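# Residue-level structure breakdown
Spelled out, the chains give:
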Amino acid sequence: MTYQWNSKETIGLLGELTGIPSPSGYTMEIMKKIEKMMDSWNVDYTTTHKGGVIATIKGENEDRHRLLTAHVDTLGAMVKEIKPSGRLKLSLVGGFKFNAIEGENCLIHMASGKTVGGTILLHQTTVHVYKDAGTAERNADNMEVRIDEKAFSEDAVRELGIEVGDFVSFDPRFTATESGFVKSRHLDDKASTALLLQIVKHFSSAAEKLPYTTHFYISNNEEIGYGGNSNIPAQTEEYIAVDMGAIGDGQSSDEYTVSICAKDSSGPYHYGLTRHLVDLAKKNDIDYKLDIYPYYGSDASAAISAGYDVKHALFGPGIEASHSYERTHTDSLKASAALLYAYVMSPLVS
C-alpha cells in the first residue's frame with residue numbers, strides 16, 4: 001500500500017486548523033485538537049511542558065530515528081494599552097508589520113474565556129478628517145483596535161473584561177477556490193501541519209511500516225523562535241522542518257511546487273540531507289524548487305542553534321504573501337505531500 005494524498009480531506013483539515021485561533025503563547029485549544037486526533041488514531045504521543053505534541057510511530061529500525069516538525073502557532077498580538085477612548089493599542093507577536101493587518105477583523109481573548117470582536121485600524125483612518133490618512137506611519141502608536149462594543153472609555157472596556165496582556169487573533173478568512181487556490185491567514189504553517197497530520201493518520205493504520213522510528217513534532221512556539229528545539233529524542237539523526245517556502249522577487253519558490261531550502265538567515269542547511277531531498281524529488285517526478293530564504297528561520301535551524309547533533313533540512317509548500325493574507329495552490333500541497341512520503345520511506349543519509 002502506498003500513500004494516496006487526499007486533496008479534499010487535507011483542505012478540509014486545513015480549514016479547521018486555520019479556524020482555531022492560535023497566536024504564539026495562546027495555543028491551548030489547537031493543541032487539544034491535535035491530541036484528540038492522535039487519540040482517535042491510537043498514535044503514541046507525549047505533550048511537552050511548553051505544550052507541543054510529539055507523536056511517535058515505530059519503524060522497522062527502532063535504534064535510529066528521524067524527526068519531522070510543523071508548527072501550529074501563528075502571528076498575533078496582545079493588548080498593550082487601553083486608551084482613554086476605549087480603543088486598544090497592540091504589541092505584536094511574531095515577525096510581521098502593522099500594515100499586514102490593517103483593516104483586519106480580530107478577536108480579543110479575555111481571561112474569562114470569552115471573546116470580543118474588533119477591527120484593527122489606523123487611528124487616522126478617515127480621509128475626510130485626517131490629512132495624513134495615507135502617509136501616517138503604520139506603527140504601534142498609530143494603529144489601534146476598534147472594539148465591537150459600546151465602550152468608549154478605559155473603565156468601560158475593563159468592565160467588559162478586557163485587560164492588558166489579553167491575546168488578539170486575526171480573522172483567517174479561509175477560502176478554497178474552484179481553481180485550486182487556498183487563501184487564508186496562517187497557512188504558515190498550518191498548511192504543513194495538515195500535511196504532516198495526514199501522514200501520521202496514514203501510518204497509524206497502514207499495512208506498510210516506516211523504515212525507522214519517526215517522530216512527528218507539532219510545535220507551538222516557532223513564530224517566536226523556539227518551537228520544536230526541545231525534547232528531541234536522543235536517537236534522532238535527521239531533523240526536517242516542514243514549513244513554508246518564501247515567494248518574492250529573486251526567489252525560485254512558487255505556489256505550484258514543493259520548495260526545498262538550501263540556506264536561510266541562520267546559514268546553510270545540511271548539504272547531504274538537502275541533496276537527498278532533491279534526489280528524492282527527481283526520482284519520484286515531484287515538481288520542486290531549490291531556494292534560499294534571506295530573512296527566515298525555522299524550528300530546524302533553532303535546533304541547530306540550541307546545539308543538537310542532527311542533520312537538518314527544510315521543505316514545504318510555497319506560500320505567497322507570507323505573514324500577510326497568504327495563498328498557495330493544491331499543486332504545491334500535493335508536491336509537498338509526495339516529498340514528505342518519499343522522505344519518510346527513504347534511507348537515512350549516511
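Refer to the structure printed above.
Procedures and definitions
- Residues numbered from 1 in each chain as written.
- Predicted model: local features only at pLDDT ≥ 70, side-chain atom pairs only at ≥ 80, totals over all residues.
- Heavy atoms only, no water.
- Helix = DSSP H or I, 4+ residues; strand = E, 2+ residues; numbered from the N terminus.
- Rg over C-alpha atoms; globule rule 2.2 N^0.38 Å.
- Buried < 20%, exposed > 50% of the residue type's maximum accessible area, 1.4 Å probe, protein only.
- Contact = heavy atoms within 4.5 Å.
- Areas by Shrake-Rupley, 256 points an atom, 1.4 Å probe, with all protein chains shown as cover.
- Lys, Arg positive; Asp, Glu negative; His and termini not counted.
- Charge placed at Lys NZ, Arg CZ, Asp CG, Glu CD.
- Phe/Tyr/Trp six-rings, centres within 6.5 Å; stacked < 30°, edge-to-face > 60°.
- Lys NZ or Arg CZ within 6 Å of the ring centre and 35° of its normal.
- Pairing = 2+ DSSP bridges.
- Axes fitted to C-alpha atoms, helices over the stretch in contact; angles between N-to-C directions.
- Nonpolar A, V, L, I, M, F, W, Y, C, P; charged D, E, K, R; others polar.

### Quick notes on the overall build of the protein chain
- Along the backbone of the protein chain there are seven helices and 19 strands.
- A compact globule built from 350 residues would reach a C-alpha radius of gyration of about 20 Å, and the protein chain, at 21 Å, matches this within 12%.
- Dimensions along the principal axes, computed over C-alpha positions, put the protein chain at roughly 65 × 40 × 40 Å.
- Expressed as a percentage of its 350 residues, the buried residues of the protein chain come to 55%.
- Considering only residue pairs separated by 6 or more positions, the protein chain has 75% of its internal contacts joining residues 24 or more positions apart.
- When the accessible surface of the protein chain is totalled, it reaches about 15200 Å², and 49% of it is carbon and sulfur.
- Treating the 33 positive side-chain charges of the protein chain as one cloud and the 47 negative ones as another, the clouds have centres 2 Å apart.

### Here's the deal with the packing of aromatic side chains
- The final tally for this structure, using the stated rule, is six aromatic pairs.
- The interplanar angle of 70° and the centroid separation of 6.1 Å between the aromatic rings of Phe181 and Tyr256 together place this pair among those described as edge-to-face. Within this pair, whereas Phe181 is found in strand 11 (residues 181-184), its partner Tyr256 is found in the loop between strand 14 (245-246) and strand 15 (258-264), the two being separated by 75 residues in sequence.
- In this structure Tyr256 comes out as partly exposed when scored by relative accessible area, which is 36%.
- In textbook terms, an aromatic cluster arises when at least three aromatic residues are bridged by ring pairs, as seen for Tyr3, Phe203 and Tyr341.
- Directly above the ring of Tyr343 sits Arg66, whose terminal nitrogen or CZ lies 4.1 Å from the centroid.
- Just above the ring of Phe181 sits the side chain of Arg327; from NZ or CZ to the centre is 3.9 Å.

### Quick notes on the sheet that holds strand 10 (residues 175-176)
- Strand order in the open sheet formed by three strands is 10-11-19, with antiparallel pairing between adjacent strands. With one partner strand each, in any of the chains shown, strand 10 and strand 19 (326-329) form the two edges of the open sheet.
- Two strands pair when backbone bridges link them, and strand 10 and strand 11 are joined in this way by two bridges, in the antiparallel orientation. Across the sheet, the residue bridging to Ala176 is Val182, located in strand 11.

### Observations regarding the packing of helix 1 (residues 7-18) against helix 2 (residues 28-40)
- Remark: helix 1 packs on helix 2, axes separated minimally by 10 Å, with the N-to-C direction vectors making an angle of 145°. Contact with helix 1, carried on its side by Leu13, Glu16 and Leu17, involves Ile30, Lys33, Ile34 and Met37 of helix 2 and no other residues of that element.
- The class makeup of the residues in the contact of helix 1 with helix 2 is five nonpolar, no polar and two charged.

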